[in-house]
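# Summary of the model geometry
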Amino acid sequence: MENFSLILAIVVVTALAFDFTNGFHDTANAMATTISTGALKPKVAVAMSAVLNLVGAFLSVEVANTISKGLVDETGIRPEVIFAALVGAILWNLLTWLVGLPSSSSHALMGGLIGATIASAGTGAVHGDALITKVLIPAIAAPIVAGIAAMLATRLSYTLGKKADGKAAAKGYRTGQIASAGLVSLAHGTNDAQKTMGIITLALVAGGVVAPDSDPPTWVILSAGLAIALGTYIGGWRIIRTMGKGLTELEPQQGFAAQTSAATAILASSHLGFSLSTTHVVSGSVMGAGLGRKGGVVRWSTATRMFVAWGLTLPAAALVGALAESVTDLGDWGTAVVALFLVASSAAIWKISRREVVDASNVNHTDEPAGVVTTAIAAVTPPPAGTVTEALTATIPAPPATTEPASPTLESPHAGGPPSPAAV
């Protein structure tokens, strides 16, 4: 460890800071539907997710190796390049958290790394085949596959549950939803915590601390797991609100189907070493579950904003990473300027977020408009029984009020007697 320089220490600390933001940014992936359906109380849900994220960090290193060995040429990377990449990833995570958009922390990290690497060593230092096969193709295919699977699973759940007792079925689905949420948390730790392990290992290789092609050291695995677990426990309530209530309204059957489909996709991709976006997978499965229920709809206004954020994540983080690398390349003072900019920007974003606080107490409150598509569907949906009668009654004008005094009745306190002073 004699080669552990100051810049390398800064990179490791910044990587763990990114891992922390990854945790609270992606808490919604595991727990948003569980919280929105009432299967678990918000604080219990994030505590459970935090523990399972930590456990998941120790299950595999395949994704970490994709980051540290496969995406860029590790022999030509300086620690400052990785620091610049992390700056781009952290700022994008914080900006999308501020506006409540579930974008991909994974793609933010890879975008920052690609941008900083190109600024430092040129396009030849980026492995284009790994970028396409292990990043871009899974980014497109995973949410589609998870969405279709969740939609089919939702329809199957409702079909099989038609004759089941309503309360018993709801209780069973809530129990299943808790189990599937735990599986998603475990999968998230297996996939996302490894990305920070990979970036720290890449920095250690660049700094000469470990040999090229090394697996992440044990202390890297432990620290990355603890950082993402702590971030998860803090709870990214803004994104939880969007994922749980902003995209669609979910019932327990839908939540169970969405989380089971997402967990299956994430665990399979982790086994294959795909640096998958858990956000993309869970968002796709939530939308699929929303469409799988008869009469269920998706708020496409929210989904459209989310899709735009997905498309911007890689290039935006790459641009910030490239700019940060250009400044750090000027020397130690350049690195200090970038570090101060990161701290100041993070503090400013946090201060802005305090204007409208979202926490465990109001995470399930949303005023998200239905959007054009949802409104159109509602317009052609037959109204529930009783609504027509109420509507007709509302449209028939009431008879004009009479000015003649009412006949005294036995129920009147002044029946047959003189008018009260109030009546006079």
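These figures come from a predicted structure and were not determined experimentally.

Parameters and conventions
- Residues numbered from 1 in each chain as written.
- Predicted model: local features only at pLDDT ≥ 70, side-chain atom pairs only at ≥ 80, totals over all residues.
- Heavy atoms only, no water.
- Helix = DSSP H or I, 4+ residues; strand = E, 2+ residues; numbered from the N terminus.
- Buried < 20%, exposed > 50% of the residue type's maximum accessible area, 1.4 Å probe, protein only.
- Areas by Shrake-Rupley, 256 points an atom, 1.4 Å probe, with all protein chains shown as cover.
- Salt bridge = Lys/Arg side-chain N within 4 Å of Asp/Glu carboxyl O.
- Axes fitted to C-alpha atoms, helices over the stretch in contact; angles between N-to-C directions.
- Parallel < 35°, antiparallel > 145°, perpendicular 65-115°, else oblique.
- Left-handed = near helix turned anticlockwise from the far one by under 90°.
- Contact = heavy atoms within 4.5 Å.
- Nonpolar A, V, L, I, M, F, W, Y, C, P; charged D, E, K, R; others polar.
- Core = buried A, V, L, I, M, F, W, Y, C linked by side-chain atoms within 4.5 Å.
- Phe/Tyr/Trp six-rings, centres within 6.5 Å; stacked < 30°, edge-to-face > 60°.
- Lys NZ or Arg CZ within 6 Å of the ring centre and 35° of its normal.
- Patch = residues over 30% accessible without salt bridge, like charges linked within 9 Å, V, L, I, M, F, W, Y side chains within 5 Å.
- pLDDT = per-residue confidence, 0-100.
- Expected span 1.5 Å × (residues − 1).

Now for the overall build of the protein chain. Each helix and strand in the protein chain was counted, giving 15 helices and zero strands. Scored against the burial criterion, the 424 residues of the protein chain give a buried share of 51%. For the protein chain, the exposed area adds up to about 19200 Å²; of that, 69% sits on carbon and sulfur atoms.

This part is about the pattern of salt bridges. Enumeration according to the criterion identifies three salt bridges in this entry. As a salt-bridge pair, Arg-78 and Glu-80 come within 3.2 Å of each other at their nearest N and O atoms. Among the ionic pairs, Arg-78 bridges to Asp-329, the shortest N-O distance being 3.4 Å. With Arg-78 in the loop between α3 (62-70) and α4 (79-98) and Asp-329 in the loop between α12 (300-328) and α13 (332-353), this pair connects stretches of sequence that are 251 residues apart. The exposure class assigned to Asp-329 is exposed, which follows from its relative accessible area of 52%. A single network of salt bridges, built from pairs that share partners, joins Arg-78, Glu-80, Glu-325 and Asp-329.

Next up on the list: the packing of helix α5 (residues 105-121) against α12. As a packed pair, α5 and α12 sit with axes 6 Å apart at the nearest point and diverge in direction by 40°. Put simply, α5 runs oblique to α12. Note that α5 runs across α12; the crossing there is right-handed. Together, His-107, Ala-108, Met-110, Gly-111, Gly-112, Gly-115, Ala-116, Ala-119 and Ser-120 of α5 and Thr-313, Leu-314, Ala-317, Ala-318, Gly-321, Ala-322 and Glu-325 of α12 make up the contact between the two elements. Its residues placed into classes, the contact of α5 with α12 shows eight nonpolar, seven polar and one charged.

Moving on, we come to the nonpolar core. Counting 88 residues, the largest nonpolar core has Leu-71, Ile-82, Leu-86, Ile-199 and Ile-240 as its most contacted members. Sequence-distant contacts of Leu-86, that is, excluding residues within four places in its chain, are made with Val-11, Thr-14, Ala-15, Phe-18, Leu-109 and Ile-199.

Bringing the packing of aromatic side chains into the picture now. Enumeration according to the criterion identifies three aromatic pairs in this entry. Judged by centre distance (5.7 Å) and plane angle (75°), the ring pair of Phe-24 and Trp-97 falls under edge-to-face. Of the two residues, Phe-24 sits in helix α1 (residues 6-36) while Trp-97 sits in helix α4, which places them 73 residues apart along the sequence. Following the ring pairs from residue to residue traces out a cluster consisting of Phe-20, Phe-24 and Trp-97. Over the face of the ring belonging to Trp-97 we find Arg-238, whose NZ or CZ atom lies 5.4 Å from the ring centre.

We now examine a nonpolar patch on the surface. Together, Ile-140, Ile-144, Ile-148 and Leu-152 make up a nonpolar patch on the protein surface, roughly 400 Å² of accessible area in all. Within the secondary structure layout, Ile-144 lies in helix α6 (residues 128-160).

Our focus in this paragraph is the environment of Ala-146. Tracing the backbone through its elements, the reader meets Ala-146 in helix α6. Taking the C-alpha atoms as reference, Ala-146 lies 9.6 Å from Ala-289; in sequence the two are 143 residues apart. Here Ala-146 is in contact with Ser-261, Val-281, Gly-284 and Ser-285, once residues within four sequence places are set aside.

Mapping Asn-53 onto the fold places it in helix α2 (residues 42-56). Residue Asn-53 is classed as buried on the basis of its relative accessible area, which comes to 1%. In contact with Asn-53, not counting residues within four places along its chain, are Ser-185, His-188, Gly-189, Ile-228 and Thr-232.

The next subject is the confidence of the model for the protein chain. Confidence along the protein chain averages 78 in pLDDT terms, with 80% of residues attaining 70 or more. Summarising per-element confidence for the protein chain, the mean pLDDT is lowest in helix α14 (residues 371-380) (40) and highest in α13 (93). Residue range residues 368-396 is modelled with pLDDT below 50. Its contacts to residues more than four positions away, or to other chains, number 16 contacts. A low-confidence stretch, residues 402-424 (pLDDT under 50), is modelled with six contacts involving residues beyond four sequence positions or located in other chains.

For the rest of this paragraph, the subject is α4. Taking 1.5 Å as the rise per residue, α4 with 20 residues should run 28 Å; its terminal C-alpha atoms sit 29 Å apart, in good agreement. Taking burial as the measure, the 20 residues of α4 include 19 buried ones, the bulk of the element.

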